[in-house]
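Here are the chains, one letter per residue:
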Amino acid sequence: VAFLWRVCAKIQRMRQGRPQEPLLPKICEDSKKLMLLLLLAGSFLIGTVFGVLLFRLRGIDALLVPAGTSALAGLSYTSVRTCFYGRPVFDVGNPRRSSVAAAS
């Protein structure tokens, strides 16, 4: 909707002869957002259908599939971050000093 609104506003400004900003960067940005939204919606739909089918076959044990997938993704991310980027597993940064510690 925002994409169509921008295009209509751009055409209106062109007709009135006003200076305008370039339209192509906004269109590219909007198309990237649309692709991400469609990917997210499609993944949600596929996961829902797959979950219903798996629940009919396995019952409550079907919940182990998303739990295992999340655990595997988390372990993979932690491994890549630790092995390839050399970051510690628990990177809490510099904790802020509390007001009690600052007063003493």
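Cut-offs and rules
Sequence positions are assigned chain by chain, starting from 1 and proceeding in written order. Local features in this predicted model are restricted to residues whose pLDDT is 70 or higher, and side-chain atom pairs enter the listing and the counts only when it is 80 or higher, whereas totals over whole chains, interfaces and linings include all residues. For the side-chain quantities, the full set of heavy atoms in the structure was used; hydrogens and water were omitted. Helix and strand assignments come from DSSP, with helices taken as H or I runs of at least 4 residues and strands as E runs of at least 2, each series counted from the N terminus. Burial here depends on accessible area, computed with a 1.4 Å probe over protein chains only, as a share of the maximum for the residue type. Under 20% is buried, over 50% is exposed, and the range in between is partly exposed. The accessible surface values rely on the Shrake-Rupley method and a 1.4 Å probe; as for residues, cover is taken only from the protein chains in view. Residues enter patches when their relative accessible area tops 30% and they take part in no salt bridge; the joining distance is 9 Å for like charges and 5 Å for the nonpolar side chains Val, Leu, Ile, Met, Phe, Trp and Tyr. Between Lys or Arg on one side and Asp or Glu on the other, a salt bridge is scored when a side-chain nitrogen of the former is within 4 Å of a carboxyl oxygen of the latter. pLDDT expresses how confident the predictor is about each individual residue, on a scale running from 0 to 100. In this analysis, two residues are considered to be in contact whenever any of their non-hydrogen atoms come within 4.5 Å of each other.

**Here we look at the overall build of the protein chain**
If you tally the helices and strands in the protein chain, you get four helices and zero strands. Its helices and strands taken in sequence order, the protein chain reads α-α-α-α from the N to the C terminus. Relative to its full complement of 104 residues, the protein chain shows a buried share of 5%. Surface accessibility of the protein chain: about 9500 Å² in total, with carbon and sulfur atoms responsible for 70%.

**Examining a nonpolar patch on the surface**
A cluster of nonpolar side chains, contributed by Leu-34, Met-35, Leu-37 and Leu-38, occupies part of the molecular surface with about 420 Å² of accessible area. Examined against the element boundaries, Met-35 turns out to sit in helix H2 (residues 24–58). The class of Met-35 is exposed, set by a relative accessible area of 56%.

**Some words on the confidence of the model for the protein chain**
Averaged over every residue, the pLDDT of the protein chain is 80; residues scoring 70 or more account for 71%. For the protein chain, the element scoring lowest by mean pLDDT is helix H4 (residues 99–103), at 50; helix H3 (residues 64–83) scores highest, at 93.

**Here's the deal with the side chain of Arg-81**
Position of Arg-81 among the secondary structure elements: in helix H3. When residues no more than four places from it in sequence are discounted, the contact partners of Arg-81 are Gly-86, Arg-87, Pro-88 and Asp-91.

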